[in-house]
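# What the coordinates show
Below, each chain spelled out in residue letters.
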Amino acid sequence: MTAPLRQRVALGDRSYDILIGDDLLAAAGSHIAPVLRQRRVIVVTDTTVAALHLAALERSLSDADIRHEAVVLPPGEQTKDFAHLEKLIARLLELKIERGTALVALGGGVIGDLTGFAAAVVLRGIDFVQVPTTLLAQVDSSVGGKTGINTAYGKNLVGSFHQPRLVLADTAALSSLPRRQLLAGYAEVVKYGVIDRPEFFTWLEGHGTAVIEGDPGARQHAVSESCAAKAEIVAEDERERGRRGLLNLGHTFGHALEAETGFGDELLHGEAVAIGMVLALDLSVRLNLCPAADSARLRRHLAAVGLATGVERFQGRIWSPRRLTEHMARDKKVTDGRTTFVMARGIGRAFLSENVDITEVEALLTDTLAA
Ligand code: GLY
């Protein structure tokens, strides 16, 4: 097996590595052992992922002499709530975990966020390791320490910043992902190119299809570059006081679209982000900040890999620009009543703006939805 690629999240004594490789699960135990304070872990996963990957992870933990138990939760976004957090914590306490016991989150964003939050609060904080198995989790949610659960008032409204001790991204695990989920995760990969990595965007234009189709080298490079991009931003602004907000490119529009569609199967998060990024660039073009060619280039690339770039006739739904801007005004990133938008002066030149006139946003949506 070739050595995994390595990216570092530089956060002083909370720094950690992200390892990216093909078939990393088989060697997970040996990578995890050096970061443990006690040779014991509790693996948290869901039934879908457990069926695919738990046995391989458990074997590698046993091979590395790490004692392990597993907690297997139901799959899906509804698991990321207070009730499942309570159940998970109760189970951890039943298993008599100690402060040195670590949790291992094996799964997608739901498992990573929930497990990370449980690790942040149980016994006033224990260590955890992320083993993300979806593209979205490998390039975004497993890196950077955002953990939490959803509430009746909105998504991710309860949580904490709690950095993992290690992230193991096994790109071979992506082969078991449904194509639609893979594509949705790919939108977050493209995001890093649009934010501040124009060469990466150009690379994606040439290799995006290989990433989607499963070329191992292309997948590893795409995940590694994405993690490098995120690690750099997180190291500079862990608590999202400023620059980390750039990672929300496409998310303000996307979140509004998701809110309208009920955060469900009709529109996946990554699909909403893809459309949201196009809208963010279109808004930048409308305000004479960005060349129209860059927005067209983004649209072309997303469409080339198979992602929808507009909402016009999405599943026959009628969209209301006013309702969408109302969702934006309720976004948790609103400060003093103003929504912060991630805009761009071009591909690779994103910036934050608190001065966007909401009537321009509404006008853009009206034009786009009527088009
Ligand atoms: N997913 C955005 C962030 O981690 O800041």
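Residues numbered from 1 in each chain as written. Predicted model: local features only at pLDDT ≥ 70, side-chain atom pairs only at ≥ 80, totals over all residues. Heavy atoms only, no water.

## Looking at the overall build of the protein
When helices and strands are counted, the protein shows 13 helices and 11 strands. Relative to the 2.2 N^0.38 estimate, which gives 21 Å for 371 residues, the radius of gyration of the protein is 20 Å and therefore close to what a compact globule would have. Overall, the C-alpha framework of the protein stretches about 60 × 40 × 40 Å when taken along its three principal axes. Classification of the 371 residues of the protein by burial places 58% in the buried group. Expressed as a percentage of contacts within the protein between residues at least 6 apart in sequence, the contacts between residues at least 24 apart total 74%. Roughly 15,200 Å² of accessible area belongs to the protein as shown, and the carbon and sulfur atoms make up 50% of that amount. If you average the places of the 41 positive and of the 46 negative side-chain charges in the protein, the two averages end up 3 Å apart. (Helix = DSSP H or I, 4+ residues; strand = E, 2+ residues; numbered from the N terminus. Rg over C-alpha atoms; globule rule 2.2 N^0.38 Å. Buried < 20%, exposed > 50% of the residue type's maximum accessible area, 1.4 Å probe, protein only. Contact = heavy atoms within 4.5 Å. Areas by Shrake-Rupley, 256 points an atom, 1.4 Å probe, with all protein chains shown as cover. Lys, Arg positive; Asp, Glu negative; His and termini not counted. Charge placed at Lys NZ, Arg CZ, Asp CG, Glu CD.)

## Concerning the packing of helix α3 (residues 82-94) against helix α4 (residues 109-121)
Orientation of α3 relative to α4, taken along the N-to-C sense of each, is 55°, at an axis distance of 10 Å. One element, α3, and the other, α4, form an angle in the oblique class. The handedness of the crossing between α3 and α4 is right-handed. Judged by residue contacts, Leu85, Leu88, Ile89 and Leu92 of α3 engage Leu114, Thr115, Phe117, Ala118 and Val121 from α4. Its residues assigned to classes, the contact of α3 with α4 shows 8 nonpolar, 1 polar and no charged. (Axes fitted to C-alpha atoms, helices over the stretch in contact; angles between N-to-C directions. Parallel < 35°, antiparallel > 145°, perpendicular 65-115°, else oblique. Left-handed = near helix turned anticlockwise from the far one by under 90°. Nonpolar A, V, L, I, M, F, W, Y, C, P; charged D, E, K, R; others polar.)

## Overview of the pairing of strand β3 (residues 40-46)
In terms of burial, β3 is largely enclosed, as 7 of its 7 residues are buried. Burial of β3 is two-sided: the residues Arg40, Ile42, Val44 and Asp46 facing one way and the residues Val41, Val43 and Thr45 facing the other way are all buried. One ladder, built from 7 bridges, connects β3 with strand β4 (residues 67-73); its direction is parallel. When the bridges of β4 are listed, Val41 appears paired with His68. Between the parallel elements β3 and β4, the chain passes through helix α2 (residues 47-63) in a crossover that is right-handed. (Pairing = 2+ DSSP bridges. Right-handed = clockwise from strand over helix to strand, strands pointing away.)

## Re the sheet that holds strand β1 (residues 5-9)
Within a sheet, neighbouring strands are paired by backbone hydrogen bonds and run either parallel or antiparallel to one another. Spatially, β1-β2-β9-β6-β5-β3-β4 is the arrangement adopted by the 7 strands of the open sheet, whose pairing is mixed. Only two strands of the sheet have a single partner each, and these edge strands are β1 and β4. When the angles between neighbouring strand axes are averaged without regard to direction, this sheet yields 20°. When β1 meets strand β2 (residues 16-21), the two strands line up antiparallel, connected through 5 bridges. The residue of β2 that forms the bridge with Arg6 is Leu19. Packing of helix α8 (residues 216-236) onto the sheet brings it into contact with β1, β2 and β9 (166-170), and relative to β1 it is tilted by some 15°.

## With respect to the environment of Val72
Tracing the chain through its elements places Val72 in strand β4. The sequence separation of Val72 and Gly217 amounts to 145 residues, and the corresponding C-alpha distance is 32 Å. Those residues in contact with Val72, other than ones at most four positions away along the chain, are Thr45, Asp46, Thr47, Ala50 and Leu54.

## With respect to the pattern of salt bridges
Inspection of the entire model under this criterion finds 27 salt bridges. Residue Arg180 pairs with Asp265 through a salt bridge whose shortest N-O separation is 3.9 Å. Taken together, the residues Arg180 in helix α6 (residues 179-196) and Asp265 in the loop between α9 (251-261) and α10 (269-286) connect sequence positions 85 residues apart. Look at Asp265 and you get exposed, because its relative accessible area is 60%. Between Asp282 and Arg299 there is a salt bridge whose closest N-O contact spans 2.6 Å. Placement of the pair is Asp282 in helix α10 and Arg299 in helix α11 (residues 292-305), with a sequence separation of 17 residues. We classify Asp282 as buried; its relative accessible area is 13%. One network of salt bridges, in which partners are shared, links Asp196, Arg197, Glu225, Glu232, Glu236 and Arg243. (Salt bridge = Lys/Arg side-chain N within 4 Å of Asp/Glu carboxyl O.)

## What about the site of the ligand?
Surveying the vicinity of the ligand reveals the residues Asp140, Lys146, Lys230, Glu240, Arg244 and Leu247. A distance of 2.6 Å is found between an oxygen atom of the ligand and a side-chain nitrogen or oxygen belonging to Lys230. Arg244 is positioned with one of its side-chain polar atoms (N or O) 2.7 Å from an oxygen atom of the ligand. The protein chains hide 87% of the 190 Å² of surface that the ligand would expose on its own. (Near = heavy atom within 4 Å. Polar contact = N/O pair within 3.5 Å; in protein donor to acceptor, adjacent residues only side chain to side chain.)

## Side note on α2
With 17 residues, α2 extends 23 Å from end C-alpha to end C-alpha; this agrees with the ideal 24 Å at 1.5 Å per step. Maximum bend of α2: about 60°, positioned at His53. Against α1 (28-32), β3, β4 and β5 (102-107) lie the buried residues of α2. Two or three places before Thr48, at the opening of α2, Asp46 has a side-chain oxygen 3.0 Å from that residue's backbone nitrogen. Just beyond α2, the residue with positive phi is Asp65, at close to 65°. (Expected span 1.5 Å × (residues − 1). Bend = angle between axes of the 7 residues up to and from the residue.)

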